[in-house]
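Geometric and topological summary
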Amino acid sequence: MFIRRSTYNRLVARAEAYAEAYVAARRAEHRKTAPHAARRDRLAKACRRYRAELAEQRAAHHKALARLERRANLLQEQLDEVLGMNSEQVMAGARWQQRRSDKPRTPSAVAQ
């Protein structure tokens, strides 16, 4: 089928106009989304930094807690030694308390 040259040129011009409009729309969309993407990237980086800082703080707190627990255990041992809680008589009494027959029962022990 034959078409006139003027019709062909008009169709080509219309196709080029559509292509240019498509490219312009894509550029405009990119310009709109680019700031959001950059903001999202900045927030993601800040979140990763914050999580890393929290992990470091958590590790430091765990170390400090372990150090304080060791110190408390040492002080408890020293207190027990000063008060004579580590003597043989006290230890024998502790073993006797666990196996005595008239030992009061707690509600949780009775339920089991």
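Residues numbered from 1 in each chain as written. Predicted model: local features only at pLDDT ≥ 70, side-chain atom pairs only at ≥ 80, totals over all residues. Heavy atoms only, no water.

Quick word on the overall build of the protein
Looking only at helices and strands, the protein features three helices and zero strands. Out of the 112 residues in the protein, the part that is buried amounts to 0%. (Helix = DSSP H or I, 4+ residues; strand = E, 2+ residues; numbered from the N terminus. Buried < 20%, exposed > 50% of the residue type's maximum accessible area, 1.4 Å probe, protein only.)

Let's talk about the confidence of the model for the protein
Should the pLDDT be low somewhere, the predicted coordinates at that spot are not to be read in detail. Averaged over the protein, the pLDDT score is 84; the fraction of residues at 70 or greater is 82%. Averaged pLDDT values for the elements of the protein fall to 62 in helix H3 (residues 107-111) and rise to 90 in helix H1 (residues 5-83). (pLDDT = per-residue confidence, 0-100.)

Topic: H1
Between its terminal C-alpha atoms H1 stretches 113 Å, which fits the 117 Å expected from 79 residues at 1.5 Å a residue. Approximately 30° is the largest bend angle found in H1, and it occurs at Thr33, with the proline Pro35 only one to four residues beyond. Immediately beyond the C-terminal end of H1, within one or two residues, lies Gly84, with a positive phi of roughly 80°. (Expected span 1.5 Å × (residues − 1). Bend = angle between axes of the 7 residues up to and from the residue.)

Some remarks on a nonpolar patch on the surface
Together, Leu79, Val82, Leu83, Met85 and Val90 make up a nonpolar patch on the protein surface, roughly 470 Å² of accessible area in all. By residue number, the principal contributor to the nonpolar patch is H1, which donates three residues. Inspection of the secondary structure puts Leu79 in helix H1. (Patch = residues over 30% accessible without salt bridge, like charges linked within 9 Å, V, L, I, M, F, W, Y side chains within 5 Å. Areas by Shrake-Rupley, 256 points an atom, 1.4 Å probe, with all protein chains shown as cover. Salt bridge = Lys/Arg side-chain N within 4 Å of Asp/Glu carboxyl O.)

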